[in-house]
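# An overview of the molecular structure
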Amino acid sequence: MISIVVPTYKEVENLPHLARMVADALVPQAIDYELIIVDDDSNDGSEEVCAELAKEHPVRIIVRRQERGLATAVIRGMSEAKGEIIVVMDADLSHPATAIPEMVSRLRAGTSDFVLGSRYVPGGTIHDDWTLFRRMNSIVPSLLARPLCPLKDPMSGFFACRGAYMPDPGSLSPVGYKIALEIFVKGGFVAPSEVPIHFADRQYGESKLTLKEQLNFLRHLVRLYGFKLRPGRAP
């Protein structure tokens, strides 16, 4: 079985579409899965919608009443996952569930130990309406993070790995929204790969990317460089 972890805040409109999109991608492939929604107490009807979805889909929701933040929500979802493979994706429908079977196949075949859904490998695309500012807002952070890992799209929030290969949650210091980069850097993965995806624009709800989150990313990046370059650590 695979566990799909989706952190949410005020994403109630997207949840029915997400559940159907995942089912359409996995059920025909006979992939057994659970869809774990980790919600930061949205109070927008997400709990009720998930209760209805659970009548037709393997959906469950975890509502966090105190803690907040995308990265810590992902860690909570991973800790609750029952599957041997964990997939993390966004709730805004920007990540195509159709890529999940290939990601899972690579992990099960042993050809990869960490698989990323990537916009920047051959075959990967982004929405045509992206402005130059938005493109630069994606590319520049990726370039800043590139020395930490060999992946072309280290800012992607769409990734998969075996739960057994996950770094100890106690070793993680999540800040902001880019938990995939920290998991890769601290997990000691040796065979990463990237699956090309089309990154779609959000249709419902509002983006959570703010200036504060961008500044948090820079703080996070400094921490990861410190971890990577610390004396005595094996290269």
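Structure first, text after, so check above.
Since the model is a prediction, treat every value here as computed from it, not as a measurement. Per chain, the residues get numbers from 1 upward, laid out in the order the sequence is written. Per-residue local features of the predicted model are confined to residues with pLDDT of at least 70, and side-chain atom pairs are confined, for both listing and counting, to 80 or more; whole-chain, interface and lining totals are unaffected and use all residues. Where side-chain values are given, they derive from all heavy atoms of the structure, hydrogens and water being excluded.

Cavity means a closed set of points on a 1 Å grid over the protein atoms alone, one where a 1.4 Å probe fits but cannot get out, pocket means an open set with protein on both sides within 12 Å along at least 5 of 7 lines, and lining means a residue has an atom within 4 Å of a point. Grid points are joined across faces, edges and corners, and a volume is the space filled by probe spheres set on the points. Under the counting rule described, the total for this entry stands at one cavity of 30 Å³ or more. In this structure, the largest cavity encloses a volume near 30 Å³. Considering the residues around the largest cavity, the lining is formed by Phe 114, Leu 116, Cys 149, Leu 151, Pro 154, Ala 180, Leu 181 and Phe 184. The biggest single contributor to the lining of the largest cavity is helix α6 (residues 179-187), with three residues. In DSSP terms, a helix is any run of H or I states spanning at least four residues, a strand is any run of E spanning at least two, and both are numbered starting from the N terminus.

Moving on: the pairing of strand β4 (residues 85-88). With burial as the criterion, each face of β4 is covered, one bearing Ile 85 and Val 87 and the other bearing Ile 86 and Val 88. The pairing of strand β1 (residues 2-8) with β4 spans four bridges and is classified as parallel. Paired with Ser 3 across the two strands is Ile 86, which belongs to β4. Note: two strands are recorded as paired if DSSP finds a minimum of 2 bridges between them. Both β4 and strand β7 (residues 159-162) contribute to a ladder of four bridges, which runs antiparallel. Across the sheet, the residue bridging to Ile 85 is Arg 162, located in β7. Only protein chains enter the area calculation, which uses a 1.4 Å probe; residues under 20% of their type maximum are buried, those over 50% are exposed, and those in between are partly exposed.

We now examine the sheet that holds β7. Across the sheet, seven strands lie side by side as β3-β2-β1-β4-β7-β5-β8; this open sheet has mixed pairing. The open sheet terminates on both sides in strands that have one partner only, identified here as β3 (59-63) and β8 (192-196). Averaged over all neighbouring strand pairs, the angle between strand axes comes to 20 degrees, with direction disregarded. Where strand β5 (residues 114-118) meets β7, three bridges bridge the pair, whose relative direction is antiparallel. If you follow Val 115 over to β7, its bridge partner there is Ala 160. This element, helix α2 (residues 46-53), spans β2 (33-39) and β3 of the sheet and lies at about 160 degrees to β3. Only the stretch in contact is used when a helix axis is fitted, and all axes are lines through C-alpha atoms; the angle between N-to-C directions ranges over 0 to 180 degrees. Contacts are residue-level and defined by heavy atoms, with any inter-residue pair within 4.5 Å sufficient.

Those residues of helix α3 (residues 70-80) not exposed but buried are Ala 71, Thr 72, Ala 73, Val 74, Ile 75, Gly 77 and Met 78. Check the buried side of α3 and you find it contacts β1, β2, β4, β7 and α6.

In this section: a nonpolar patch on the surface. A cluster of nonpolar side chains, namely Val 140, Leu 144, Leu 215 and Leu 218, defines an oily patch on the protein surface of about 320 Å² accessible area. For the nonpolar patch, the secondary-structure elements that each account for two or more residues are α5 (132-145) and α7 (211-229). Within the element layout of this structure, Val 140 appears in helix α5. Patch criteria: residues need more than 30% relative accessible area and no salt bridge. Like-charged residues are merged within 9 Å; nonpolar side chains of Val, Leu, Ile, Met, Phe, Trp and Tyr are merged within 5 Å. Residue burial considers only the protein chains on display, and all accessible areas are found by Shrake-Rupley using a 1.4 Å probe. Here a salt bridge means any side-chain nitrogen of Lys or Arg lying within 4 Å of a carboxyl oxygen belonging to Asp or Glu.

Before going further, it helps to examine unusual backbone geometry. One non-glycine residue, Lys 10, adopts positive backbone phi at about 60 degrees. Tracing the sequence through the fold places Lys 10 in the loop between β1 and α1 (15-26). What makes Lys 10 partly exposed here is its relative accessible area of 38%. Even without a glycine there, the phi angle at Asp 41 is positive, about 55 degrees. Mapped onto the elements, Asp 41 comes out in the loop between β2 and α2. The class of Asp 41 is buried, set by a relative accessible area of 16%.

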